[in-house]
Amino acid sequence: MTVNGSDSDDLVVALVPAAGRGVRLGGAAPKAFVAVGGTPMVRLAVDGLIASGAVDRIIVMVPPEFVSSAVALLPETNSVDVVVGGAERTDSVRAGIAAAPEAAYFLVHDAARALTPPDLIARVAAELRAGRPAVVPALPVVDTIKSVDEFGAVTGTPDRSGLRAIQTPQGFAAELLRSAYATDTNATDDAGLVERLGARVHTIPGDPMAFKITTPLDLRLAHALLDERTAGLA
């Protein structure tokens, strides 16, 4: 059987959590619905996934009251679906996993990484199809990192040469991610849940354009970069 031209045992499904409220960004709407260059982040993220040519189906998880809005602003194609997300990111990802029992591989991609290059998405998917069970994009840490105690006193300075900042999409063999989300354990990212199962997570070079739009300053940067990109295409 084939789905969108791919064998069903090779199907890549992208999950896009878009139910977060984005308190730090300061917008009235959920962060994924805040516009960058006139286009909501969630639409930019979905467009990037489609442009990668590596994704067979996309599932976007949104708050229940935003389902109609999401359907209206996303591409009109049967490869993009909208489902109700949850109060926590892990709840949203679980909802996306449940909606894609046919997936052979999952890409979990933050809507807030709206400018992620399609090439990066394609590289993560290629690593999965080559046999890696878990793949994440990573960038070297450029700032000095300090560990601190509850009073703010420095307790250590880790060697940053062995540290990486992790981006999305994070890619997983579907059964591995399903197993990770079958537990009630919490983690700051999907790879963290997979690591707790004892699975080996492989990193590939990330991309500065895949930064997460979290604060008003990030949003200003995203506007400027998108304006620059648009001007370059004119």
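Residues numbered from 1 in each chain as written. Predicted model: local features only at pLDDT ≥ 70, side-chain atom pairs only at ≥ 80, totals over all residues. Heavy atoms only, no water.

Peer 1: Residues and numbers for the overall build of the protein, please.
Peer 2: For the protein, the helix and strand inventory stands at 7 helices and 14 strands. Scaling as 2.2 N^0.38, a compact globule of 234 residues should have a C-alpha radius of gyration of about 17 Å, and the protein matches this with 18 Å. Seen through its C-alpha atoms, the protein measures out along the principal axes to roughly 55 × 40 × 35 Å. Scored against the burial criterion, the 234 residues of the protein give a buried share of 44%. Taking as baseline every contact in the protein between residues at least 6 positions apart, the subset at least 24 positions apart corresponds to 69%. Total accessible area on the protein stands at roughly 11,500 Å², and carbon and sulfur atoms take up 53% of it. Averaged over its 20 positive side-chain charges, the protein has a centre that lies 4 Å from the centre of its 27 negative ones. (Helix = DSSP H or I, 4+ residues; strand = E, 2+ residues; numbered from the N terminus. Rg over C-alpha atoms; globule rule 2.2 N^0.38 Å. Buried < 20%, exposed > 50% of the residue type's maximum accessible area, 1.4 Å probe, protein only. Contact = heavy atoms within 4.5 Å. Areas by Shrake-Rupley, 256 points an atom, 1.4 Å probe, with all protein chains shown as cover. Lys, Arg positive; Asp, Glu negative; His and termini not counted. Charge placed at Lys NZ, Arg CZ, Asp CG, Glu CD.)

Peer 1: Which residues make up the pattern of salt bridges, and what values do they have?
Peer 2: One pass over the full model with this rule turns up 12 salt bridges. Of the charged contacts, one joins Asp 47 and Arg 43 as a salt bridge, the two residues approaching to 2.8 Å between their closest N and O atoms. Taken together, the positions of Asp 47 and Arg 43, both in helix α1 (residues 41–52) and 4 residues apart, correspond to about one turn of that helix. What makes Arg 43 partly exposed here is its relative accessible area of 25%. When the shortest N-O distance is used, the salt bridge between Asp 119 and Arg 123 registers 3.2 Å. In this pair, Asp 119 and Arg 123 both sit in helix α4 (residues 118–129), 4 residues apart, roughly one turn of the helix. Several salt bridges share partner residues, and in doing so they unite Arg 89, Asp 110, Arg 113 and Asp 190 into one network. (Salt bridge = Lys/Arg side-chain N within 4 Å of Asp/Glu carboxyl O.)

Peer 1: So, unusual backbone geometry: which residues are in play, and what are the values?
Peer 2: The linkage connecting Thr 168 with the following residue, Pro 169, adopts the cis geometry, with an omega of 10 degrees. Along the chain, Pro 169 falls in the loop between β12 (164–166) and β13 (170–173).

Peer 1: Describe in detail the UniProt feature "site: Positions MEP for the nucleophilic attack" (unreviewed entry) in the protein, supporting the description with residues and values.
Peer 2: Taken from the UniProt record, the annotation "site: Positions MEP for the nucleophilic attack" (unreviewed entry) applies to Arg 160 and Lys 212. With respect to the helices and strands, Arg 160 occurs in the loop between β11 (154–156) and β12. What makes Arg 160 partly exposed here is its relative accessible area of 39%. Once you skip the residues sitting within four places of it in the chain, Arg 160 turns out to touch Val 141, Val 142, Asp 143 and Thr 144. Positionally, Lys 212 belongs in the loop between β14 (202–205) and α7 (216–233). Not counting chain neighbours up to four residues away, the residues in contact with Lys 212 comprise Lys 31, Asp 110, Ala 112, Arg 113 and Asp 218. (UniProt positions renumbered as here; feature names shortened; annotations may be inferred.)

Peer 1: Now, about the pairing of strand β7 (residues 80–84): what can you tell me, with residues and values included?
Peer 2: One ladder, built from 5 bridges, connects strand β6 (residues 57–62) with β7; its direction is parallel. Within β7, the residue paired with Ile 58 across the bridge is Val 80. Handedness of the β-α-β unit built from β6, helix α2 (residues 67–73) and β7 comes out right-handed. (Pairing = 2+ DSSP bridges. Right-handed = clockwise from strand over helix to strand, strands pointing away.)

Peer 1: Could you give an account of α1, with specific residues and numbers?
Peer 2: Spacing of three or four residues puts side chains on the same side of an α-helix, whose turn is 3.6 residues. With 12 residues, α1 extends 17 Å between its outermost C-alpha atoms, agreeing within 8% with the 16 Å of an ideal straight helix rising 1.5 Å per residue. Within α1, burial applies to Met 41, Val 42, Leu 44, Ala 45, Val 46, Gly 48, Leu 49 and Ser 52. The first or second residue beyond α1 is Gly 53, which carries a positive phi of 70 degrees. (Expected span 1.5 Å × (residues − 1).)

Peer 1: Any details on the environment of Arg 229? Residues and values, ideally.
Peer 2: Within the secondary structure, Arg 229 is located in helix α7. Overall, the relative accessible area of 40% leaves Arg 229 in the partly exposed class. Residues Arg 229 and Met 41 lie 188 residues apart in sequence; the distance between their C-alpha atoms is 15 Å.

Peer 1: Break down the pairing of strand β8 (residues 105–108) for me, citing the residues and quoting the values.
Peer 2: Burial of the side chains of β8 extends over both faces: Tyr 105 and Leu 107 are buried on one face and Phe 106 and Val 108 on the other. Bridge count for strand β3 (residues 12–17) against β8 is 4 bridges, and the pairing is parallel. For Val 12, the partnering residue across the bridge sits in β8 and is Tyr 105. With 4 bridges connecting them, β8 and β13 associate as antiparallel partners. Looking at β13, one finds that Val 108 is bridged to Gln 170.

Peer 1: With reference to specific residues and values, describe the nonpolar core.
Peer 2: Ranked by size, the top nonpolar core spans 28 residues in total, and within it Val 42, Val 55, Ile 58, Val 60 and Leu 107 carry the most contacts. Every element with two or more residues in this core is listed here: β3, α1, β6, β8 and α4. Per element, the largest residue contribution to this core is 4 residues, and it comes from α4. Among residues more than four places away in sequence, those in contact with Leu 107 are Val 12, Val 13, Ala 14, Leu 15, Val 55, Ile 121, Val 124, Ala 125, Leu 128, Pro 169, Gln 170 and Gly 171. (Core = buried A, V, L, I, M, F, W, Y, C linked by side-chain atoms within 4.5 Å.)

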